[in-house]
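Report on the structure
One letter stands for each residue in the lines below.
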Amino acid sequence: MDEPTTTVTPCADGPLLIRGPFELLTQDGEPIDPGRATVALCRCGRSSTKPFCDGSHKSVGFQASSEPDPPADS
């Protein structure tokens, strides 16, 4: 039987969505209870509920693509 897959999806101008089994830890290794199976993690830095998204990206005009940035020229 295949193990469930975990996916991380960067949403355009929004959070990172994590779906599937995962464990969220502090930098000291303490567990953080996400409270649900699918979570949105802040990437704008303005959330009042970090590491979770609270929708602040909308009011601050956060912009980021869903696609990876192109490699920097050397």
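Before reading further, recall that the structure is shown in the block above.
In this report, we go over the structure that sits alongside the text. What you are looking at is a predicted structure, and each value in this text was computed from that prediction instead of being measured. (Residues numbered from 1 in each chain as written. Predicted model: local features only at pLDDT ≥ 70, side-chain atom pairs only at ≥ 80, totals over all residues. Heavy atoms only, no water.)

**Observations regarding the overall build of the chain**
Along the backbone of the chain there are one helix and three strands. Order of helices (α) and strands (β) in the chain, N terminus to C terminus: β-β-β-α. Over its C-alpha atoms the chain spans a radius of gyration of 14 Å, topping by over 25% the 11 Å that the globule rule assigns to 74 residues. Seen through its C-alpha atoms, the chain measures out along the principal axes to roughly 40 × 30 × 25 Å. Split into buried and exposed, the 74 residues of the chain put 20% on the buried side. Long-range contacts, defined as pairs at least 24 residues apart, comprise 28% of the intrachain contacts of the chain with a sequence gap of at least 6. Working note: accessible area of the chain is about 5,700 Å², and carbon and sulfur atoms make up 50% of it. Charge-centre separation for the chain: the mean point of 6 positive side chains lies 12 Å from the mean point of 11 negative side chains. (Helix = DSSP H or I, 4+ residues; strand = E, 2+ residues; numbered from the N terminus. Rg over C-alpha atoms; globule rule 2.2 N^0.38 Å. Buried < 20%, exposed > 50% of the residue type's maximum accessible area, 1.4 Å probe, protein only. Contact = heavy atoms within 4.5 Å. Areas by Shrake-Rupley, 256 points an atom, 1.4 Å probe, with all protein chains shown as cover. Lys, Arg positive; Asp, Glu negative; His and termini not counted. Charge placed at Lys NZ, Arg CZ, Asp CG, Glu CD.)

**Focus on the pairing of strand β1 (residues 7-10)**
Looking along a regular strand, one sees the side chains alternate between the two faces of the sheet. The pairing of β1 with strand β2 (residues 16-19) spans four bridges and is antiparallel. For proline 10, the partnering residue across the bridge sits in β2 and is leucine 16. Where β1 folds back on β2, the antiparallel hairpin that results is connected by five residues, among which aspartate 13 adopts a positive phi of roughly 55 degrees. (Pairing = 2+ DSSP bridges.)

**As for the side chain of serine 47**
Secondary-structure assignment places serine 47 in the loop between β3 (39-41) and α1 (56-60). Within the structure, serine 47 has its side chain in polar contact with the backbone nitrogen of threonine 49 (distance 3.0 Å). In this structure serine 47 touches Cys42, Phe52, Cys53, Asp54 and Ser56, once residues within four positions along its chain are discounted. (Polar contact = N/O pair within 3.5 Å; in protein donor to acceptor, adjacent residues only side chain to side chain.)

**Quick notes on the nonpolar core**
Of all hydrophobic cores here, the largest spans five residues; its members are Ile18, Leu24, Val39, Leu41 and Phe52. If we skip the residues at most four places from it in the chain, leucine 24 touches Glu30, Pro31, Ile32, Leu41, Pro51 and Phe52. (Core = buried A, V, L, I, M, F, W, Y, C linked by side-chain atoms within 4.5 Å.)

**Overview of the side chain of serine 56**
Tracing the sequence through the fold places serine 56 in helix α1. You can call serine 56 buried: its relative accessible area is 17%. Excluding residues that lie within four positions of it along the chain, serine 56 makes contacts with Cys44, Arg46 and Ser47.

**Re the state of the cysteines**
The term disulfide refers to a covalent linkage connecting the sulfur atoms of a pair of cysteines. All chains considered together, the criterion is met by zero disulfides. Cysteine 53 provides the cysteine sulfur closest to cysteine 11, a residue in no disulfide bond, and the two sulfurs are 8.6 Å apart. According to the relative accessible area criterion, cysteine 11 is partly exposed, its value standing at 22%. The thiol sulfur of cysteine 42 is not disulfide-bonded, and the nearest other cysteine sulfur, from cysteine 44, lies at 3.9 Å. (Disulfide = S-S within 2.5 Å.)

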